[in-house]
Amino acid sequence: AKAVSMYAFPSLIFLMHHSIAFPALQYLDPATFQVLGNLKIVTTGLLSYLFLGRALTNLRWCALFLVTVGATTSQLGGDSG
């Protein structure tokens, strides 16, 4: 019973994410949706550092920085279509 209760909160977050993701596809172009999806990695890393107190190595900080830079610069080119 305890193992099941441990998965309740993450499964509710997963459910909320998918409930929001499909309507968001109607309003966002696929590239923007993908960039926002990549920023989930950055958000997860920062929140695990802030709220869970997990130490991040220099390599992981560099990786979070590179994902952020990649996500932001991919949107700078403008729309060519």
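Read on for an overview of the structure.

About the cut-offs
- Residues numbered from 1 in each chain as written.
- Predicted model: local features only at pLDDT ≥ 70, side-chain atom pairs only at ≥ 80, totals over all residues.
- Heavy atoms only, no water.
- Helix = DSSP H or I, 4+ residues; strand = E, 2+ residues; numbered from the N terminus.
- Rg over C-alpha atoms; globule rule 2.2 N^0.38 Å.
- Areas by Shrake-Rupley, 256 points an atom, 1.4 Å probe, with all protein chains shown as cover.
- Phe/Tyr/Trp six-rings, centres within 6.5 Å; stacked < 30°, edge-to-face > 60°.
- Buried < 20%, exposed > 50% of the residue type's maximum accessible area, 1.4 Å probe, protein only.

If you tally the helices and strands in the protein chain, you get four helices and zero strands. The order of α-helices and β-strands along the protein chain, N terminus first, is α-α-α-α. Relative to the globule expectation of 12 Å for 81 residues, the C-alpha radius of gyration of the protein chain, 16 Å, shows a markedly less compact shape. For the protein chain, the accessible area works out to roughly 6800 Å², and carbon and sulfur atoms hold 71% of it.

Time to look at the packing of aromatic side chains. For the structure on display, the rule yields one aromatic pair. Each ring, one from Tyr 49 and one from Trp 61, has its centre 5.1 Å from the other, and the planes form 80°; the classification is edge-to-face. Of this pair, Tyr 49 sits in helix α3 (residues 30-52) while Trp 61 sits in helix α4 (residues 58-73); the two residues are 12 residues apart in sequence, bridging distant segments of the chain. The class for Tyr 49 is partly exposed, based on a relative accessible area of 38%.

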